[in-house]
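Structural description and commentary
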Amino acid sequence: DLVSNIRTTFSAIANLQDEANRRLVSEVGVINGLTSQIETLNASISGIEGNGVTAADQRDQRDRLLQKLAEKISFQTVEQDNGTVNVFLANGFPLVAESTARNLDFAVQPSFASGSVPPSLSGGTLGYIVYNYAESGPPAHVDLTQVISRGEGEVGGLLRIRGTNAPTNTSAFQASGALVEVAVRIEAIARTLLTTVNETYLGGDRDPLTP
């Protein structure tokens, strides 16, 4: 019963990590939708105010979109002389630069990984939030996962719960994150149980991990 409960609990944690991973895919799409609308309003505001008229309605719409974006991720803004607003992450990456928006991607095999990326708790893959600089040909991803995970908002919170794992790591347990921390404790309990039972059954002079 104990072994079954350990297995069930670990499986539940792994499923929660997979669910957070799936939610991040849709959240990246929401972010792209918001930055695209901000880009459009930037162009509209620049055109209207270039004629000496204040684009009050468009500015209000943009403020509402920026508020919605702030519910997703942390960012900073700088208003330009032409009325446009630049939106950038803490590391300086520009999500919106005047009338240009950069769409983010969710990559399970990013270009900056030299080989196979580390597995998730279920054996799948934890995706990375990236931007692809390549206009054609093979992707050239820049990793934005860590900078977003350190910020506020739903996406930062999801990343901290799901966990992030450097592509150079090899184990799901090397990731950081709340669910991974719980999984590590469960795995430690299982190993302790295995060692203790085997030592008791086989005797202290036997290797507990040897059949």
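Read on for a plain summary of the structure.

Cut-offs applied
- For every chain, the first residue of the written sequence is number 1, and numbering continues from 1 along that sequence.
- With the structure being a predicted model, the display of local features is reserved for residues of pLDDT at least 70 and the display and counting of side-chain atom pairs for 80 or more, all residues being used for whole-chain, interface and lining totals.
- In computing side-chain values, all of the structure's heavy atoms are included and hydrogens and water are not.
- The secondary structure listing takes helices from DSSP runs of H or I that are at least 4 residues long and strands from runs of E that are at least 2 residues long, numbered from the N terminus.
- Atoms considered for the radius of gyration are the C-alpha atoms alone. The globule rule reads 2.2 Å times the number of residues to the power 0.38.
- Partly exposed residues are those whose accessible area sits between 20% and 50% of the maximum for their type, while under 20% is buried and over 50% is exposed, using a 1.4 Å probe and protein chains only.
- Every residue pair with non-hydrogen atoms within 4.5 Å of one another is taken to be in contact.
- Working definition: a ring pair exists when centres of Phe, Tyr or Trp rings (six-membered ring for Trp) sit within 6.5 Å. Plane angles under 30 degrees give stacked, over 60 give edge-to-face, the rest tilted.

With that settled, consider the overall build of the protein chain. Each helix and strand in the protein chain was counted, giving five helices and seven strands. Secondary structure of the protein chain in N-to-C order comes out as α-α-β-β-β-β-β-β-β-α-α-α. The C-alpha radius of gyration of the protein chain comes to 23 Å, more than 25% above the 17 Å expected for a compact globule of 211 residues. C-alpha extents for the protein chain along the principal axes are approximately 90 × 35 × 20 Å. Relative to its full complement of 211 residues, the protein chain shows a buried share of 37%. Long-range pairs, those at least 24 residues apart, make up 54% of the contacts in the protein chain with a sequence separation of at least 6.

Evaluation of the coordinates by the stated rule reveals four aromatic pairs. Ring geometry for Phe-93 and Tyr-131: centres 5.3 Å apart, planes at 55°, overall tilted. Linking Phe-93 in the loop between strand E2 (85–88) and strand E3 (94–97) with Tyr-131 in strand E6 (residues 128–132), this pair joins segments that are 38 residues apart in sequence. Look at Phe-93 and you get buried, because its relative accessible area is 5%. The interplanar angle of 90° and the centroid separation of 5.8 Å between the aromatic rings of Phe-112 and Tyr-128 together place this pair among those described as edge-to-face.

Read these as geometric descriptors, not functional statements.
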